[in-house]
Amino acid sequence: MNHSGHVEYTATGMPNRKLAIWLFLASECMFFGALIATYLIYQGQSLVGPYPEDLFDIPLTTVSTFILLMSSLAMVLAVAAAQKEDLKQTRLWLAVTALMGLTFLGFQAYEYNHFIHAGLTLSVNLFGSTFYVMTGFHGAHVAIGVIWLSSLFAHTFRPVDPKRRALDIEIAGLYWHFVDIVWIVIFTVVYLLGVGG
Amino acid sequence: MAQHKASESPHVSTSTYLKVGLVLAVLTALEVAVVYVESLKGIVAFLLLLIGILKFALVAMYFMHLKFDTPVYSRFFMVGLVLALACMLAVMAIMHSDRAATLLLSS
Amino acid sequence: MATVQESFPTQRAAILPRPKSTTGFWSWVTTVDHKRIGIMYAVTAIFFFLVGGIEALIIRLQLFSPDMNVVSADVFNQLFTMHGTTMVFLAVMPLSAAFFNYLLPLMLGARDVAFPRLNAFSYWLFLFGGIFINTGWFVNAAPAVGWFGYANLTSPAYTPGLATDFWNIGLQILGIGTLVSAFNFIVTIINMRAPGMTLMKMPVFAWTTLVTSFLIIFAFPSVTVGMILLTFDRLFNANFFEVAANADVVLWQHLFWIFGHPEVYILILPAMGIVSEVLPTFARKPLFGYSVMVFSTILIGFLGFAVWSHHMFTVGMGPVVNSIFSLATMAIAIPTGVKIFNWISTLWGGSIRFKAPLLFALGFVWMFMIGGLSGVMHSSAPSNAQQQDTYFVVAHFHYVLIGGAIFALFAGLYYWFPKVTGRLMNEKIGVVNFVLMFIGFNVTFFPMHFLGLMGMPRRIYTYDPALGLQFWNQVSTIGSFILAAGVAVYLYNLAVSLKKGELAGEDPWDARTLEWMLPNPPPVYNFARIPVVSARDEFWARKYEGAPAKEVAAGSEDEEDGIHLPGNSYFPIIMAGMITLFGYGLLYSGALAVAAIILTILSAMGWAFEGVGGTIIYPKGDAE
């Protein structure tokens, strides 16, 4: 039965869904590219404060960046476990990844809260508009990833063909790593270059 | 036979993943340290971008398996990445952003 | 049609029961069959084409002579905004999508597209997005900012009320659907080809669809970001396009045209694909220069991303930037010109049959060439400065979009009508249809070249009698009604031929590609056994060149004869509905928006847990 269990036959041998997620990520490059470019174009153009150098807390953001980066490691371990059909390890690393994603979101919530109290709202200046919308859309991607990983975690308690499960998790993993990559860019270009460059 | 290769997910050893994870952690530490070193002020943008690109490449090649998978995925992803970079850098340059000049010069 | 059916084991518990009906209203609402979805795309797109056409006729009436009062200046603004938006996003693009949907799997020898439920999802987002944008007409808030919605006319200060939001959010809803269908078609073309069909053996229509889909996935995110920024400006008081906060409104123009120029090729490439199928069939010759055609299509796709600023020559980007974009724009004329020569060479020496599809295709080649030439005229920045925002530009892009895209789409409508319905369109009425549209189109739009060079600006609701613009405006308005009569004749032909059209039988055009190997209309499962492809024009090669008629089982290369039909599903329409509800929630009620987000996530989960499902069908004895 090629339909229920194994990965379907395709002309190239590439699974349909894996090809689709890669195309989606290629398209997302343009999406985040435009958001980051908007931030950079308006950098230093705000007429009133607060300004990035007043607010950015590099040590704090370094911690959250580090957590997201390491969640990618956990994710890849989950994928490897699923490919080895090791259900226990799969569950463990899926849960760790999702929790690290949640922790990152917690940091982001703390940061937003702190910034708002320091007077940076969406409407106060260009920095506020560009910063919240760019990081907000990244955060939304992380949140969707957490929901996705949690569903996959719940799904491990159902009987599913292991090859199919491995593909499910691999695809979610590709998305997760991409979200991590975007943060690597934002952390470097927006945070570090913003205060140091 | 090429068809067979594409459908199989590449198997990479756990120790490779751990090593890459370690390198990523070290690079992040290095990145932050660079910002605080006074004597590097002149080339800090260059160093940050270099490390950023390195991190990006490591995640894409090892964690996302682009190094081991069929090159088709890499090609599609690179088209998106290069188009996005080209278009957005052009917009920044056209709109006379100071940032664009820095980015262009240092990369 | 003796078929044996067996239920397909559903592996997961479902939230909603699986829809069972195969006929009637609900079977269409829940369908995932690419052929039905294609028909729904076509019907909806033709409906919106008529809406956009009526808007255009009112515009022409208002401009018939100086100081007319058919509509007020405000309504005039709404009309040209909605005319442009409707024609681009709700008529031409979805009509192309109708052809992608119906034909691609048949041309590629596939059972369906790669993701049948996502395909239905795209359609429903198109329909709901179209309704969303047009909601403005019913609540007295139709958008009036032009189809390009330049900042900061779109700021709350200059267009208060909901009109601009209907346009802005509606386009984002449509954008999601378009993106999803583009991913779907790329995967379908790359992964679902019949055995033996290498990329360079695909029909050119599949190639143009592939390149179009790539343009969509790389171009749409840019305008999506622009519209998201605008949404935050309008609904949450952000500053992206607020000059008072030191924002630069030109940013919108860049984000819009990085999408907007590829969009031009998104509209025209499918049309070029259709013409590249119609011409060889009716010239009874293979397409001239297939590989050059493919290469020039790809080249046009790439160059399409390097020319967006030619829409902004008068913005003040400076001579260096203007020169670069001038040169890049002129370069596009090369691959486009190559295509024109290829089409002409395809006809050369062929035994040509002048049927209605060919007439439209020939009209396309000629009219598109005129539009292309005036395009080269304003690729030069200095002459562009003279033509910018005049009727010369209106003439140019209507030559490309009506003389180009619409004529080619009509060629496709006539050519594949027997494929879809099993009947031929009436040929005599078809010729009348073509002649009226051809004359009407040229009488409407050729004078606009003169009007533009005489200095008549676009988007003015009336003009002074002393300007001397009246004569050509009157000619143009008369032409627009001839064009409309042509479209009416098409609708009449459609009605007549659906009921009483001559039965097409099999292969009525003596065609060349795989879709014509199937009965008209094709069975729900498409190919009972998948053909093994050995030639570029496989069907032709089998008929006349002795190519082997090999085939394999449809299920997969090595397995049983059963064909898996994916199950119908409620989730595509539900999820599209929830996303649309979120759009209304943003405008009317925060609580509704939040509820819609939660429901969207829930329906996504329901979708995932429902699985593909479906039945396995065993076609007996009606294989070719």
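Small disclaimer: the values here were computed from a predicted structure and weren't measured. Counting starts from 1 at the beginning of each chain's written sequence and moves along it residue by residue. A letter from A marks each chain and a number from 1 marks each ligand, given out in the order of writing. Where local features are concerned, this predicted model is filtered to residues with pLDDT of at least 70; where side-chain atom pairs are given and counted, the filter is 80 or more; whole-chain, interface and lining totals use all residues. Neither water nor hydrogens contribute to the side-chain values; these are computed over all heavy atoms in the structure.

Colleague: Would you take a moment to explain the overall build of chain B for this structure?
Modeller: Numbering goes from the N terminus for both helices and strands, where a helix is a DSSP run of H or I of at least four residues and a strand is a run of E of at least two. Helix and strand counts for chain B come out as five helices and zero strands. Listing each helix as α and each strand as β along chain B from the N terminus yields α-α-α-α-α. Each residue is assigned to one of three classes by its accessible area relative to the maximum for its type, calculated with a 1.4 Å probe on protein chains only: buried under 20%, partly exposed between the two thresholds, exposed over 50%. Considering chain B as a whole, with its 107 residues, one finds that 47% of them fall into the buried category. What sets the accessible areas is the Shrake-Rupley method with a 1.4 Å probe; for residues, cover comes only from the shown protein chains. When the accessible area of chain B is evaluated, it comes to approximately 5600 Å², of which 73% is carbon and sulfur surface.

Colleague: I would appreciate a short explanation of unusual backbone geometry in the present structure.
Modeller: Where the residue is not glycine, phi is negative for most of them; where a peptide bond is considered, it is trans in most cases. Looking along the chain, the bond that leaves A:Gly49 and enters A:Pro50 is cis, with omega of -5°. With respect to the helices and strands, the residue A:Pro50 is situated in the loop between helix H1 (16-41) and helix H2 (52-55). Of the consecutive residues C:Ala151 and C:Asn152, the connecting peptide bond is found in the cis state with omega at 0°. As for its position among the elements, C:Asn152 is in the loop between helix H4 (116-138) and helix H5 (163-191). The phi dihedral of C:Asp67 falls on the positive side, at around 55°, and the residue is not glycine. Position of C:Asp67 relative to the elements: it lies in the loop between helix H2 (34-62) and helix H3 (73-108). The backbone of C:Asn526 shows a phi angle near 65°, a positive value even though the residue is not glycine. Locating C:Asn526 in the fold gives a position in the loop between helix H14 (470-500) and strand S2 (529-531). A relative accessible area of 1% means that C:Asn526 is categorised as buried.

Colleague: Help me out: how do you make sense of the side chain of C:Ser155 in this one?
Modeller: Residues and elements named next belong to chain C. The topology assignment puts Ser155 in the loop between H4 and H5. The exposure class assigned to Ser155 is buried, which follows from its relative accessible area of 2%. A polar contact of 3.1 Å, which involves the side chain of Ser155, links it to the side chain of Glu242. Leaving out residues up to four positions away in the same chain, Ser155 has contacts with Arg234, Phe241 and Glu242. We call two N or O atoms a polar contact when they sit within 3.5 Å, provided that within protein one can donate a hydrogen and the other can accept it, with sequence-adjacent residues counted only if both atoms are side-chain atoms. Working rule for contacts: check all heavy atoms of both residues, and any pair within 4.5 Å makes them a contact.

Colleague: Got a minute to help me understand the interface of chain A and chain B in this structure?
Modeller: By convention, interface size is frequently given as the accessible area that disappears when the constituent parts associate. With 49 residues of chain A in contact, the opposing surface of chain B contributes 49 residues. Between chain A and chain B, roughly 4300 Å² of surface is buried when both sides are summed, and carbon and sulfur atoms account for 78% of that area. By definition, the buried area sums, over both parts, the 1.4 Å-probe accessible area that each loses when the two are put together. Considering only the side of chain A, the residues that lose the most area to chain B are A:Trp22, A:Ile41 and A:Ile181, jointly responsible for 14% of the buried surface there. A pairing counts as a salt bridge when a side-chain nitrogen of Lys or Arg comes within 4 Å of a carboxyl oxygen of Asp or Glu. On inspection of chain A and its partner chain B, the count reaches one salt bridge. B:Asp69 serves as the salt-bridge partner of A:Lys18, at 2.7 Å between the closest nitrogen and oxygen.

Colleague: Explanation requested: the pattern of salt bridges in the structure shown.
Modeller: Note that side chains of opposite charge can pair when their charged atoms are close. Residues and elements named next belong to chain C. Per the stated rule, a full pass over the model turns up 15 salt bridges over all chains. Note that Asp510 and Arg284 form a salt bridge whose closest N and O atoms lie 2.7 Å from each other. With Asp510 in the loop between H14 and S2 and Arg284 in the loop between helix H7 (250-283) and helix H8 (290-303), the pair connects residues that are 226 residues apart, well separated along the chain. The exposure class of Arg284 is partly exposed, given its relative accessible area of 30%. Note that Asp537 and Arg512 form a salt bridge whose closest N and O atoms lie 2.9 Å from each other. Of this pair, Asp537 sits in the loop between S2 and helix H15 (538-544) while Arg512 is found in the loop between H14 and S2, placing the two residues 25 residues apart along the sequence. With respect to burial, Asp537 and Arg512 carry one shared label: buried. The network of salt bridges with common partners includes Arg284, Asp507, Asp510 and Lys543.

Colleague: What should I look at first to understand the nonpolar core in this one?
Modeller: One recurring pattern in soluble globular proteins is that nonpolar side chains are buried together. Residue and element names in this part refer to chain C. What makes a nonpolar core is a set of buried Ala, Val, Leu, Ile, Met, Phe, Trp, Tyr and Cys residues whose side-chain atoms join them at distances within 4.5 Å. Core analysis: the biggest nonpolar cluster contains 307 residues, and Trp124, Trp343, Phe364 and Phe407 have the highest contact counts within it. Here this core takes 22 residues from H3, the largest share from any one element. Once residues within four sequence positions are removed from consideration, Trp343 is found in contact with Met272, Val275, Ser276, Leu279, Leu287, Met293, Phe364 and Val365. Membership of the second largest hydrophobic core comes to five residues, among which are Tyr525, Ala528, Ile563 and Leu565.

Colleague: It is not clear to me how the interface of chain A and chain C should be interpreted in this structure. Could you clarify?
Modeller: On the chain C side, the residues contacting the 42 residues of chain A number 46 residues. Taking both sides of the interface into account, the surface hidden between chain A and chain C amounts to around 3800 Å²; carbon and sulfur atoms contribute 68%. Our enumeration of links across chain A and chain C arrives at zero salt bridges. Here chain A is connected to chain C by 12 residue pairs in polar contact (both at pLDDT 80 or more). Where the side of chain A that touches chain C is concerned, the elements lending two or more residues are H1, helix H5 (126-155) and helix H6 (162-196) of chain A. The element contributing the most residues to the side of chain A that touches chain C is H1(A), with 14 residues. Each residue is assigned to one class: nonpolar for Ala, Val, Leu, Ile, Met, Phe, Trp, Tyr, Cys and Pro, charged for Asp, Glu, Lys and Arg, and polar for all the others, Gly among them. Classifying every residue of the side of chain A that touches chain C by side-chain character gives 23 nonpolar, 15 polar and four charged.

Colleague: Could you clarify how one ought to interpret the packing of H1(A) against H5(C) in this entry?
Modeller: Packed helices, taken two at a time, are described by the angle their axes make and the gap between the axes. The interhelical angle for the contact between H1(A) and H5(C), taken along N-to-C directions, is 130°, at an axis separation of 10 Å. Taken together, the axis directions place H1(A) and H5(C) in an arrangement best described as oblique. Seen along the crossing, H1(A) lies across H5(C) with a hand that is right-handed. In contact with A:Asn16, A:Leu19, A:Ala20, A:Leu23, A:Phe24 and A:Ser27 of H1(A), H5(C) contributes C:Leu179, C:Phe183, C:Ile186, C:Val187, C:Ile190 and C:Asn191. Taken together, the residues of the contact of H1(A) with H5(C) sort by class into nine nonpolar, three polar and no charged. With axes taken as lines fitted to C-alpha atoms, and helix axes fitted only over the stretch in contact, angles between N-to-C directions fall between 0 and 180 degrees. For classification, angles of less than 35 degrees are called roughly parallel, those exceeding 145 degrees roughly antiparallel, those between 65 and 115 degrees roughly perpendicular, and all remaining angles oblique. Working rule for handedness: look at the near helix, and if it is turned counterclockwise from the far one by less than a right angle, call the crossing left-handed; if clockwise, right-handed.

Colleague: Would you mind showing me how to read the environment of C:Ile186 here?
Modeller: By the secondary structure assignment, C:Ile186 is in helix H5. For C:Ile186, the contacting residues outside a window of four places in its chain are A:Leu23, C:Leu210, C:Ser213, C:Phe214 and C:Ile217.

Colleague: Looking at this model, I keep getting lost on the side chain of A:Thr135. Mind explaining?
Modeller: Residue and element names in this part refer to chain A. On the secondary structure map, Thr135 appears in helix H5. Assessed through its relative accessible area of 0%, Thr135 is described here as buried. Polar contacts involving the side chain of Thr135 include one to the side chain of Tyr112, which spans 2.7 Å. Discounting chain neighbours no more than four positions away, the residues touching Thr135 are Gln108, Tyr112, Trp183 and Tyr191.

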